[in-house]
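Report on the structure
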Amino acid sequence: MRLPLPSAAASAAVAVTAVVAAALAVLPGPAVAAEAPAASSFTISDPRIKESSGLAASRIHPGVYWTHNDSDDGPYIYAVDSATGRTVARVTLTGIGKPRDVEAISLGPDGQLYVGDIGDNRGGTWDHVWIYRFPEPKQLGDVTVKAAQFTVKYADGARNAEALMVHPVTGRVYIASKDENKGGLYEGPAELSAGGTNVFRRVADVPWVTDGAFSPDGTRLTLRGYFMARTYPWKDGLPVGEGERVDAPWQGQAESVTYTPDGATLMFGAEGEGSRVIAVPVAAAAPSASPQPGSPSGAAPAVEPTGSFGKGALVLAGGLVLVFGAKRLLRRRP
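Calculation rules
- Residues numbered from 1 in each chain as written.
- Predicted model: local features only at pLDDT ≥ 70, side-chain atom pairs only at ≥ 80, totals over all residues.
- Heavy atoms only, no water.
- Helix = DSSP H or I, 4+ residues; strand = E, 2+ residues; numbered from the N terminus.
- Buried < 20%, exposed > 50% of the residue type's maximum accessible area, 1.4 Å probe, protein only.
- Contact = heavy atoms within 4.5 Å.
- Areas by Shrake-Rupley, 256 points an atom, 1.4 Å probe, with all protein chains shown as cover.
- Pairing = 2+ DSSP bridges.
- Core = buried A, V, L, I, M, F, W, Y, C linked by side-chain atoms within 4.5 Å.
- pLDDT = per-residue confidence, 0-100.
- Salt bridge = Lys/Arg side-chain N within 4 Å of Asp/Glu carboxyl O.

1. Concerning the overall build of the chain
- The helix and strand tally for the chain stands at two helices and 22 strands.
- Taking all 334 residues of the chain together, the buried fraction comes to 50%.
- Contacts in the chain between residues far apart in sequence, at least 24 positions, make up 57% of those at least 6 positions apart.
- Surface summary for the chain: the accessible area is close to 14400 Å², and the carbon and sulfur share equals 56%.

Below, the structure is given as C-alpha cells:
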C-alpha cells in the first residue's frame, strides 16, 4: 500500500519537481533520442505491470519480451507481445521464497531465464540476495513452473543492485551495483550452485546503472542509468575502455534495456503503468572507437555521464534522486 507523503515531504516534493522541470528545460537536444518507429517500439498495456523493472527478448517467441514488476507483486513473470503490447503469458514461480525486490531479468545461452531479486533499497543492509532460474516456456500462456533459487553474496559486502546480465556465450552471470559515486561490476562463479552461497567478485568500476544487457554475440555490454547509456566492447570477461555513449531516450524512471535477438536494436523500458518500450537502432549507437592498444585487461575505469548531458543532467540527477529515494522509502513503510 502506498502511503501519502507527509506535509513536509510534500513541500519538498514540490520543490524537487520545480528543480526537475528547470533541469529538463536546459537539457541539450541530442541527449534525448527521437522515438524509434512505432512498429518497433511498443506500449505495455497490462494494468498489472505497473513497475516494469527488467526486460529480456525471447529467442523462441519472435517479438515477445519478458518483464516483471519491481516489488509488491509476487512471483510473477510476464510475456508481452510487442506487436500489440498485450500480455500473452504470466509465469508463476514456485520453489522459491517470497520475492523481495526483483530488479532484472536476462536470458542465458542455456535457454533459461535468470531473474535478479537483487535490489536493496535499505542501503545495502541485506547480507544476501537471490537469483531465480527457470526454462523459458516453449508455449505461451499462463503457467506455473518450479524455479531454482540461488543465494548470492558479494565478496566486498552488501550492495544495492538493479542490473543482472547473463553472457550469451559463457553463461556466466554478472551483476552491476547501483551507487551514485562508483558502482561495481560483479562476476559470479562459472556455474551457480543451489546448494550453497554464490560469491560475486568485483571486476570493474561502472557508473550508476539501472540495467544492462549483452549483445547476442557477446562482444558488447550496454549499461543504462537514469541519465545515460553506454556500450562497451567486451573482451576476456571485462568491459574495455570508456565505451561509447548511446542516445537513449529520456524515460523518467528508466529501468531496463535489452537487445533484440538479431542484435540490431536496443530496447529501452521504464517503470509506470502503460509504460513505453522504445527501440534505438544499434547502428546509430554502436561504439566507433576501438580499445587503445595495450589497454590493461584487468580493470575498466569508471565512466561518468559526459557529453551533451552537461549541467542540466546533473541538476536533474539530484532532483530525481530525492524523488525516487522518497518513493522507495515511503512505499516500504509498514
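Now that the structure has been shown, the text picks up again.
2. Here's the deal with the sheet that holds strand E1 (residues 42-43)
- Reading across from one edge, E1-E22-E21-E20 is the order of the four strands in this open sheet, with antiparallel pairing throughout. Only two strands of the sheet have a single partner each, and these edge strands are E1 and strand E20 (254-259).

3. Quick look at the nonpolar core
- Within the largest apolar cluster, 19 residues are counted, with the highest numbers of intra-cluster contacts made by Ile77, Leu93 and Phe134.
- Residue assignment for this core shows that the elements contributing at least two residues are strand E3 (64-67), strand E4 (76-81), strand E5 (87-94), strand E6 (104-107), strand E7 (112-117) and strand E8 (129-135).
- When neighbours within four sequence positions are excluded, Phe134 is seen to be in contact with Ile77, Val91, Leu93, Gln112, Leu113, Val115, Val145, Lys146 and Ala147.

4. Considering the confidence of the model for the chain
- Here the chain shows a mean pLDDT of 79. Residues at 70 or above account for 72%.
- In the predicted structure, residues 1-39 sits below a pLDDT of 50 and forms 50 contacts with residues beyond four places in sequence or in another chain.
- Note on residues 285-334: pLDDT is under 50 here. Beyond four places in sequence and across chains, it has 94 contacts.

5. Examining the pattern of salt bridges
- In total, this model carries seven salt bridges according to the counting rule given.
- Between Glu187 and Arg172 there is a salt bridge, with the nearest N and O atoms lying 3.8 Å from each other. Taken together, the positions of Glu187 in strand E13 (residues 183-187) and Arg172 in the loop between strand E11 (161-166) and strand E12 (173-177) put the pair 15 residues apart, joining distant regions of the chain.
- Of the residues examined, Glu187 reaches a relative accessible area of 23% and is grouped as partly exposed.
- Salt-bridge contacts for Arg245 lead to Asp247; the nearest nitrogen and oxygen are separated by 2.9 Å.
- Exposure remark for Asp247: the relative accessible area of 30% places this residue in the partly exposed category.
- A single salt-bridge network, built from bridges that share partners, covers Lys182, Arg202 and Asp205.

6. Let's talk about the pairing of E5
- With five bridges connecting them, E4 and E5 associate as antiparallel partners. Bridge assignment links Ile77 to a residue of E5, and that residue is Val91.
- Turn length for the E4-E5 hairpin, with the two strands adjacent in sequence and antiparallel, is five residues, and the turn residue Gly85 shows positive phi of about 80°.
- Sheet topology places E5 next to strand E9 (residues 143-146); four bridges connect them, and they run parallel. Bridged to Thr94 within E9 is Lys146.

7. Quick notes on the sheet that holds E9
- One open sheet holds the five strands; their spatial order is E2-E3-E4-E5-E9, and the pairing between them is mixed. Because the sheet does not close on itself, it has two edges, and the strands there are strand E2 (56-57) and E9.
- Pairing of E3 with E4, which is carried by four bridges, proceeds in the antiparallel orientation. Note that in E4 the partner of Val64 across the bridge is Asp81.

8. Topic: the pairing of strand E10 (residues 148-154)
- By the bridge criterion, five bridges tie E8 to E10 in an arrangement that is antiparallel. In the strand pairing of E10, Arg133 is matched with Ala148.

9. Brief notes about the environment of Gly218
- Tracing the sequence through the fold places Gly218 in the loop between strand E15 (211-214) and strand E16 (220-224).
- Sequence-wise, Gly218 and Lys235 are 17 residues apart; in three dimensions their C-alpha atoms are separated by 9.0 Å.
- Filtering out sequence-adjacent residues up to four positions away, Gly218 remains in contact with His167, Pro168 and Trp234.

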